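# Examining the three-dimensional arrangement
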Amino acid sequence: MAGKLYGLGIGPGDPELLTLKAVRLIKESDVVFVPGTDPKDTVAYQITVQAVPELEDKEIVGIAMPMTKNLELLEETHEKGANEAAEYLKDGKQCVFLTLGDPTVYSTYMYIHKKIQKLGYETEIVSGIPSFCAVAAKMGISLSEKAEELHVIPAVYQIEEGMELKGTKVFMKVGKRSGRLRELLKEKKADAVMIENCGMPGEKIFSKAEDFPDTAGYYSLVIAKEGE
């Protein structure tokens, strides 16, 4: 009998934000996949092992996920990753794939998920707390009220277009575009906050756009609201 693959959202960084279901499935599974070439050095592993010490004794397999916009390379990498995962499923092993935040929000796991399904194996997605929800909670702000719209925008692609949207705007993975986003927010007189590495060691909080650095880490997120 073939195994099953679970795509587990492990939350934004605080180990205490793993769900009970995620913890249970990790303990029950034979193999744990993590995105990266050095499994125990990955952010996903380092977060999860704090909540699930049993992870140290599991078979941990790194699945390469390069940071690139090269579509051909991405397709080749995802195909290779899915085939690697399928080898364990073929042997009847229950497997989990750890992914930060929620698997359905800008997650590389979904590419593997779709390919595994096409290969005929059973899969299931387990929700995790999205980073923007954790940032909003940390800062004590509401993402949306009444008829207010909420927009989640990948900052590496379209911040200029995103700035024109009404309501609350979440810019994910701000990174090198922090300075440009800062200037756009100042022009719009928007109220904005940024957190880098929310819930992780080295967390940094910037409570207004004027304080945003020229560049920020990969795990940086901005929440912006229209000024009063």
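Residues numbered from 1 in each chain as written. Predicted model: local features only at pLDDT ≥ 70, side-chain atom pairs only at ≥ 80, totals over all residues. Heavy atoms only, no water.

### Notes on the side chain of Lys115
- Mapped onto the fold, Lys115 is located in helix α4 (residues 109–118).
- Given a relative accessible area of 17%, Lys115 falls into the buried group.
- Of the polar contacts made by the side chain of Lys115, one reaches the side chain of Glu75; its length is 2.7 Å.
- Lys115 has contacts with Glu75, His78, Glu79 and Ala82, leaving out every residue within four places of it along the chain. (Helix = DSSP H or I, 4+ residues; strand = E, 2+ residues; numbered from the N terminus. Buried < 20%, exposed > 50% of the residue type's maximum accessible area, 1.4 Å probe, protein only. Polar contact = N/O pair within 3.5 Å; in protein donor to acceptor, adjacent residues only side chain to side chain. Contact = heavy atoms within 4.5 Å.)

### Some details on the environment of Arg182
- Summarising the element assignment, Arg182 is placed in helix α7 (residues 178–188).
- Each C-alpha atom of the pair Arg182 and Pro213 lies 8.1 Å from the other, and the pair is 31 residues apart in sequence.
- Excluding anything up to four places from it in sequence, Arg182 contacts Ala209, Glu210, Phe212, Pro213 and Asp214.
- Separated by 2.9 Å, the side chains of Arg182 and Glu183 make a polar contact.

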